[in-house]
Amino acid sequence: MKTIEVDEDLYRYIASHTQHIGESASDILRRMLKFTAECANAPAANIENLSKKVSKAVERPQDKVRAVRELLLSDEYAEQKKAVNRFMLILSTLYSLDASAFEAGTESLHGRTRTYFAGDEQTLLQNGTQTKPKHVPGTPYWVITNTNTGRKRSMVEHIMLAMQLPAELAERVCGTI
């Protein structure tokens, strides 16, 4: 399998033509282009020209879903006894799946008087001395951890939905925090 890059708007267009959960980008394109076996014999130059025109990797949405499900089933996740540790592990995983969508999800995420995510500890401390900021491993982010479990769940749900992950998956993940 090859990876190609497409513009964001083209990716959204392709994804909008999904007919069933788990359908791959390849399946969608085959259906949309009415691709047949004889098309497969087209000159390689046509494929190379296509790959030069596009700029964002096609990622199958089910790969992200699978990665989150694998996290929930992992020994590392099961070993976490505290909600805050599961929270941090989920945030790390979400960031690793799509950093720009994660960033977009955190930008609008804040409380009435608190900032929940920042690029450094000091920013979070300025918005409250009892915030207990922690660095989210593998990311440039810090997050406040002195929130109740319900607030942690709502932050994760907000980010997952902003990342366009299925609502039922977000609900399942939040139920494990």
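Residues take numbers from 1 onward in each chain, read along the sequence in its written order. In keeping with the model being predicted, local features are shown solely for residues with a pLDDT of at least 70 and side-chain atom pairs are shown and tallied solely at 80 or more, while totals for entire chains, interfaces and linings include all residues. Side-chain numbers here rest on the full set of heavy atoms in the structure, without hydrogens or water.

An unreviewed UniProt entry annotates the protein chain as Negative modulator of initiation of replication originating from Izhakiella capsodis. Per its UniProt entry, the protein chain bears the Subunit (unreviewed entry) comment "Homodimer. Polymerizes to form helical filaments." Recorded in UniProt under Subcellular location (unreviewed entry), the annotation for the protein chain is "Cytoplasm". UniProt positions are given in the numbering used here, feature names are shortened, and annotations may be inferred rather than shown by experiment.

Asks: Sorry if this is basic, but what is going on with the packing of aromatic side chains here?
Replies: Where two aromatic rings form a pair, the distance of their centres and the angle of their planes describe that pair. Only the six-membered ring of Trp is used, alongside the rings of Phe and Tyr, when aromatic pairs are assigned; centres must lie within 6.5 Å, and planes under 30 degrees apart are stacked while those over 60 apart are edge-to-face, with the rest tilted. Going through the model one piece at a time under the given rule, you end up with 5 aromatic pairs. Ring centres of Phe 117 and Tyr 141 lie 6.4 Å apart, and the angle between their planes is 85°; this geometry places the pair in the edge-to-face category. Pair noted here: Phe 117 is in strand β1 (residues 117-118) and Tyr 141 is in the loop between β2 (133-135) and β3 (142-144), with a separation of 24 residues, a long-range link. Comment: elements are numbered from the N terminus, with helices defined as DSSP H or I runs of at least four residues and strands as E runs of at least two.

Asks: Just checking my understanding: could you explain helix α6 (residues 83-97) for this structure?
Replies: For an α-helix, the turn length of 3.6 residues means that residues three or four places apart are oriented alike. Helix span is expected to be 1.5 Å times the residue number reduced by one. An ideal rise of 1.5 Å per residue puts 21 Å on 15 residues; α6 measures up with 21 Å between its terminal C-alpha atoms. Relative accessibility thresholds used throughout: buried, under 20% of the residue-type maximum; exposed, over 50%; partly exposed, between the two (1.4 Å probe, protein chains only). Counting buried positions along α6 gives 13 out of 15 residues, so the element sits mostly inside the fold.

Asks: Quick question: what am I supposed to make of the nonpolar core here?
Replies: Where a protein is soluble and globular, its nonpolar side chains tend to be buried together. Among buried residues, the Ala, Val, Leu, Ile, Met, Phe, Trp, Tyr and Cys ones that are joined through side-chain atoms within 4.5 Å form a nonpolar core. Ranked by internal contacts, the top residues of the largest apolar core, which has 37 residues, are Leu 91, Leu 94, Phe 102, Phe 117, Val 156 and Met 160. At the level of elements, α4 (61-73), α6, α7 (99-107), β1, β3, α9 (149-162) and α10 (167-174) are the ones that each hand at least two residues to this core. With 10 residues, α6 is the largest single contributor of residues to this core. Once you skip the residues sitting within four places of it in the chain, Val 156 turns out to touch Phe 87, Ile 90, Leu 91, Val 173, Cys 174 and Ile 177. Between two residues, a contact is recorded if the distance between any of their heavy atoms is within 4.5 Å.

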